[in-house]
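# Breakdown of the fold
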Amino acid sequence: MSKLFIGVKRIIAVDSSEFAYAELDVDAHCMLVAEGNVGKSSLINAIRLFFLPECSMAKQAINFGFCDSNGDTYASETTFNHYFPSKFSFLILEYEKRVYDGPHCCQILSAANNGRLKFERMFTQLPFDKLRHLFWQQGNDPDGIGERVSNLSKQRVYDYIQTHDNTCVLAKEPSKVAALLYESDLQSTRYTLFPLKNQEPQTINSLRALIKLLFVASSKNRRPFTDAIANIIEGSKKSTQDHLRFSISEFKEQHENLKAQELQLTAVVNQTSLYDKLLKHKASFEEYLTALEQVKPSIAWLNASSANLSIELQELASKNTLAKDKHDKQQRVLSELKEKTALEKRALKEKEKEQKQHQETLDSFRRLQTEYSGQTSEVIQAFLQDDLDEKETQLGVQTGNISRAEALSKLEVKLDILKSEQANFQHAINNKQFDLEQQIPKKQLDWLHSVNPSLANANAGQALSQSQQEALLGFAALFDTQASHYQFFDTKLQFRPYSKTNHKALLEKNLQEIQALEKQKNNIDSQQGNALHAQQSLKQLQRDIALAQNDIQVLENVHYASKRSDILLGEIDTAQINITAFDKTTDSTQRTLIDATTRQFKTKSDYDDCQQGITQNKHYSQQLTRFTNLHSKWLNMLDDNIEFAGYLNDDHIQMFSQCARNLEQLQFDLISGLRDFIDRKIISDKHGIKDDTPFWPEIVACFDDIGEVYANIDTQRELLGKQIEEHNQTIGNKKEIIVQNYRVIKSFEKDINQAFGGLSINNVASVEFEVGINKQFETLVNEFAETNLYSRQMQSDDFYVRLVAFAERFFDQDDNFTLTMSQVIESFEPRVQISGKAGKEDKKQSNSTNALIKIKLVQLLLKRLIDHNCETSFPIVHDEIANIDIGQFDWWLADLAQNGFNLMAAGTHSTSPELQAKIGRRHVMDALITALPYHNERHRVYWQGSEEFTHSFAGETNQAQEKLI
């Protein structure tokens, strides 16, 4: 066969697209039958991966265009994971290429080892029948479904191919893939799938759009066809050197520059009167500045005149300070003396008060000594306490707090105890020769006294026996004598030396207590039954108790009162002496203060007199100093060597202030006027006039710039006219290129319509396409025809706005400002003439008619791209096959086959059997499930051929049937 034929034979999916293994013949019309979401459509659509050179899914929406039924593209990662979900995933395309060599080629796609979303391609001339065992095997499955190849790996596949085919090629880069797929020199490649006239990006993009159309010919989305047309025209434009390179920024910049120059010249002329006014302000400014020449000499004269007065004022100030310091010092001394005197008097008063209280305590004690003559304080206190106890008991009986019987019972108990003690005391006195003091050593007495004083004062009543003495000694030995204590095992016992008890004194005290208790007992008995006496006795008892308590308190405090009273008497004497001394010192200090006050008044008066003498001279100096601080910028512009005129008054100072205000206003007017020139772009701000603090040198320099502008205005006007003329000519050149692009579009439209001439489709007698050109583009082309671009006049702003808006919309700045046809061309729609009707109409036709028109269009466009007169057998997908009238299939299927296309329809089991029979071959995709898939999520299997419908006579068999039998 001398004519090149390229046809897609079959597609194979391994652990991909919902299938464990699928082997699908696509070299004739066929229909894929299965329930929804089985993966039949995605399997067919995978064919586009083999026609396009990209090796990554990173931009699949642009490069491959996988999308759902609504036209929404899938995410890149979703698409990649759908086709290459595991390391066992492969997509294989077997195609025929008959010329020079062949007939079969296989292109094997698998996920790349490196790179996210990348895949690679292996090209081999081995037919798939020799490769099938690498991917799927019959195994022991009696149903013929088959099972996975356990040792499947990409490396094993590559090794096998490289061993059996020394012409195989591994391609991982799009450039290498494109060289293999699109090579037009048929003797230089074995793997051409679509030989292109050239491999320019625009040509490949045109093919990309057409490849997508092969799979969406039934789609209702019109944009893919429009994009394909734009790419085709774009490619042809570049190939004929029909470039429109138009820099929007440069054009706008040049136009705005010329417009600004024209506006500037106009502004210069309009600002002439302002310039004259500013010149007058400049002259007035210089006059007022000259009037300030006497300010600096006046200040120098005043400073020299005031120097001597300032020295004298400083001396008087020092004297005044000394006088004031002395006065203040005496005032402070007097205040301190008065404060000390007051403090001393307050302290004396407090001490006298306290001494009086202590004296009362001492007087009460002397009274008690008189009452208890010859008794010690302890005895008196004991008597008072006993008396207090007696009276409190009587009071408790009378008030009912203590019952009479209870009180008498308690007194009897106390009397018994006292009488028992009386007997003990008398026994000790009568048998004093048997005191332990008389029978044991002093050391043992100290030890017993430390244990319990009563033990050391005990009376044995007889001489101690030998055993008793040994017992005492044995017990004492248990106590280890230390310097200040006894150590009894782990317990310390404080050392207390022996002290003899006075038994006679105790006996006397005991007798007194017995007498007091008997008296108290008699009193309780005597009060019974005498209410009046009891009432009077109660009040008397309360008074007696209070007196007894006070007397006891006196006895407790008398020792402290005696000592404290002696101390206070001495302190009172000292305080009185100090107060007398303070009074004398205060009188002397007051006299000294009067003298200091007199001297301070005199020095202050002298200081004020001197101050008054220099005030007038200083008045002018201060005013001129303030003036200098406020207006130094004007004074710094004047000569420093001007002499003083010899006279200065308030009028001069007022005149200086008025001149300064005038200068401020004139400077503001000058700067405002100059800034107006700058804002109007008449001059540039080379000297900082628009900064925060421009001054006279900048103003003068700016005046020079304006003067130069007015001097050159005629020359600038002539130069601008020439530049505008050149700019208009540049636009004229762009006009010719834009109009030429319009002609290219119309020429393409004409060529397509000529190619469709004489074709009839179904009930359509003729088809005519119309390229929908953007109205803005077409309007600009028409406006160019009415615009004179060869004059010295600027075109209207509206014209330039429309031109710039056109450029910004239609020139792709990423492509060096080349006109982008995808934006110029907005639609590409057919207008048809129905058989038997006059005139063409653009209303919507049937699905089959629209699909066939689009297929015809794709066929014509492919012939523009393919390099040879090549016969093809490419699939075209139509998912919604049931929507097409079954009566149209006979001529439609024949026409598709005649023009190199095979229908790939998809449907469910409910699709009409008659339609399936017309198509002739069907693939039931959901019938088989393997028990040993590569992955449990993909277990469907389809292989070993399709079901075909044939027309034969009864009893007749064909070769395929015989082979099957």
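Here's a quick rundown of the structure. No experiment lies behind these values; they were computed from the predicted model shown.

About the criteria used
- Residues numbered from 1 in each chain as written.
- Predicted model: local features only at pLDDT ≥ 70, side-chain atom pairs only at ≥ 80, totals over all residues.
- Heavy atoms only, no water.
- Helix = DSSP H or I, 4+ residues; strand = E, 2+ residues; numbered from the N terminus.
- Buried < 20%, exposed > 50% of the residue type's maximum accessible area, 1.4 Å probe, protein only.
- Contact = heavy atoms within 4.5 Å.
- Areas by Shrake-Rupley, 256 points an atom, 1.4 Å probe, with all protein chains shown as cover.
- Pairing = 2+ DSSP bridges.
- Axes fitted to C-alpha atoms, helices over the stretch in contact; angles between N-to-C directions.
- Polar contact = N/O pair within 3.5 Å; in protein donor to acceptor, adjacent residues only side chain to side chain.
- Patch = residues over 30% accessible without salt bridge, like charges linked within 9 Å, V, L, I, M, F, W, Y side chains within 5 Å.
- Salt bridge = Lys/Arg side-chain N within 4 Å of Asp/Glu carboxyl O.
- Core = buried A, V, L, I, M, F, W, Y, C linked by side-chain atoms within 4.5 Å.
- Domains from an automatic or database assignment.
- Arc of directions from axis to C-beta.
- Phe/Tyr/Trp six-rings, centres within 6.5 Å; stacked < 30°, edge-to-face > 60°.
- Lys NZ or Arg CZ within 6 Å of the ring centre and 35° of its normal.
- Parallel < 35°, antiparallel > 145°, perpendicular 65-115°, else oblique.
- Left-handed = near helix turned anticlockwise from the far one by under 90°.

Right, let's get into the overall build of the chain. The number of helices and strands found in the chain is 30 helices and 22 strands. The buried share of the chain, reckoned over its 965 residues, is 42%. In the chain, the share of contacts with a sequence separation of at least 24, taken over all contacts with a separation of at least 6, comes to 75%. Entry remark: accessible area of the chain is about 51,800 Å², with carbon and sulfur atoms responsible for 49%.

Another point: the sheet that holds strand β11 (residues 485-488). Taking strand neighbours across the sheet as the criterion, the three strands line up as β10-β11-β12 in an open arrangement whose pairing is antiparallel. Looking at which strands have only one partner, the edges of the open sheet turn out to be β10 (480-481) and β12 (491-494). As paired elements, β10 and β11 share two bridges and run antiparallel to each other. Each residue of the ladder has a partner; that of Asp-480, found in β11, is Gln-487. The strands touched by helix α15 (residues 442-451) are β10, β11 and β12; relative to β11, the strand with the most contacts, the crossing angle is about 75°.

Relative to the assigned elements, His-327 resides in helix α11 (residues 295-371). Among the polar contacts made by the side chain of His-327, one reaches the side chain of Gln-600 at a distance of 3.5 Å. Setting aside anything within four residues of it in sequence, one finds His-327 in contact with Leu-593, Ala-596, Thr-597 and Gln-600.

A cluster of nonpolar side chains, namely Phe-475, Leu-478 and Phe-489, defines an oily patch on the protein surface of about 320 Å² accessible area. The residue Phe-475 is located in helix α17 (residues 466-477) in this model.

Residues Leu-49 and Leu-292 are the most contacted members of the largest nonpolar core, which totals 160 residues. Of the domains in this structure, domain 1 (5-197 + 866-942) and domain 2 (731-834) are the two that each give at least three residues to this core. When residues no more than four places from it in sequence are discounted, the contact partners of Leu-292 are Phe-627, Trp-634, Leu-635, Leu-638, Phe-656, Cys-659 and Leu-663. The next biggest cluster of nonpolar side chains, apart from the first, holds 26 residues, and it includes Ile-12, Tyr-21, Ile-92 and Cys-106.

As a further point, take helix α28 (residues 889-898). Looking at α28, one finds that the buried residues are Phe-889, Trp-892, Leu-893, Asp-895 and Leu-896. The buried residues of α28 all sit within an arc of 160° when viewed along its axis, so they share a single face. Exposed residues lying more than 90 degrees from the buried face of α28 are Asp-890 and Gln-898.

Within helix α5 (residues 154-164), the full set of buried residues consists of Lys-154, Val-157, Tyr-158 and Ile-161. Burial along α5 is one-sided: seen end-on, the buried residues are contained in an arc of 95°. Contacts from the buried residues of α5 go to β4 (90-98), β5 (104-111), β6 (119-124) and β9 (169-171).

Here the focus is the pattern of salt bridges. Summed over the entire model, instances satisfying the criterion amount to 31 salt bridges. Across the pair Lys-282 and Glu-286 runs a salt bridge whose closest N-O atoms are separated by 3.3 Å. You can see Lys-282 and its partner Glu-286 sitting in helix α10 (residues 272-290), four residues apart, about one turn around the helix. Salt-bridge contacts for Glu-664 lead to Lys-633; the nearest nitrogen and oxygen are separated by 3.2 Å. Of the two residues, Glu-664 is situated in helix α21 (residues 650-679) and Lys-633 in helix α20 (residues 632-635); the sequence distance between them amounts to 31 residues. Residues participating in the shared-partner salt-bridge network are Arg-10, Glu-23, Asp-25, Glu-94, Asp-129 and Arg-132.

Once that is clear, we can look at the packing of aromatic side chains. On inspection of all chains with the given rule, the structure shows 32 aromatic pairs. Residues Trp-301 and Phe-644 carry aromatic rings whose centres are separated by 5.5 Å and whose planes lie at 15° to one another, so their mutual orientation is stacked. Within this pair, whereas Trp-301 is found in helix α11, its partner Phe-644 is found in the loop between α20 and α21, the two being separated by 343 residues in sequence. Trp-301 gets classed as partly exposed once you look at its relative accessible area, which sits at 42%. Under the relative-accessibility criterion, Phe-644 is labelled partly exposed at 23%. One aromatic cluster is present, built from ring pairs that chain together Phe-64, Phe-66, Phe-80, Tyr-83, Phe-84 and Phe-119. Geometry around Phe-66 places Arg-48 over its ring, the cationic atom sitting 4.8 Å from the centre.

A word on unusual backbone geometry. One non-glycine residue, Asp-15, adopts positive backbone phi at about 50°. Given a relative accessible area of 0%, Asp-15 falls into the buried group.

Attention now moves to the pairing of β5. Burial analysis of β5 places seven of its eight residues in the buried class, which makes it a mostly covered element. Two elements, β4 and β5, share six bridges in a ladder whose sense is antiparallel. Looking across to β5, one finds that Leu-91 is bridged to Leu-109.

Of the strand pairs in this sheet, β11 and β12 are connected by four bridges, and their pairing is antiparallel. In the sheet register, Tyr-486 faces β12, and the bridge partner there is Leu-493. The turn linking β11 back onto β12 is made up of two residues, and Phe-489 within it adopts a positive phi angle of 55°.

This brings us to the environment of Glu-77. Assignment of secondary structure puts Glu-77 in helix α4 (residues 76-83). Glu-77 gets classed as partly exposed once you look at its relative accessible area, which sits at 40%. Sequence separation between Glu-77 and Lys-59 is 18 residues, and the spatial gap between their C-alpha atoms is 9.6 Å. When sequence neighbours within four positions are dropped, the list of residues in contact with Glu-77 reads Arg-116 and Leu-117.

We now examine the packing of α21 against helix α22 (residues 696-711). Relative placement of two packed helices is described by the angle separating their axes and the distance separating the axes. Running from amino to carboxyl end, α21 crosses α22 at an angle of 40°, the nearest separation of the two axes being 11 Å. By the angle between their axes, α21 is oblique relative to α22. Crossing geometry of α21 relative to α22 is assigned as left-handed. Counting all contacts with α21, which are made through Gln-667, Leu-670, Ile-671, Leu-674 and Phe-677, the residues of α22 involved are Trp-696, Ile-699, Cys-702, Phe-703, Ile-706 and Tyr-710.

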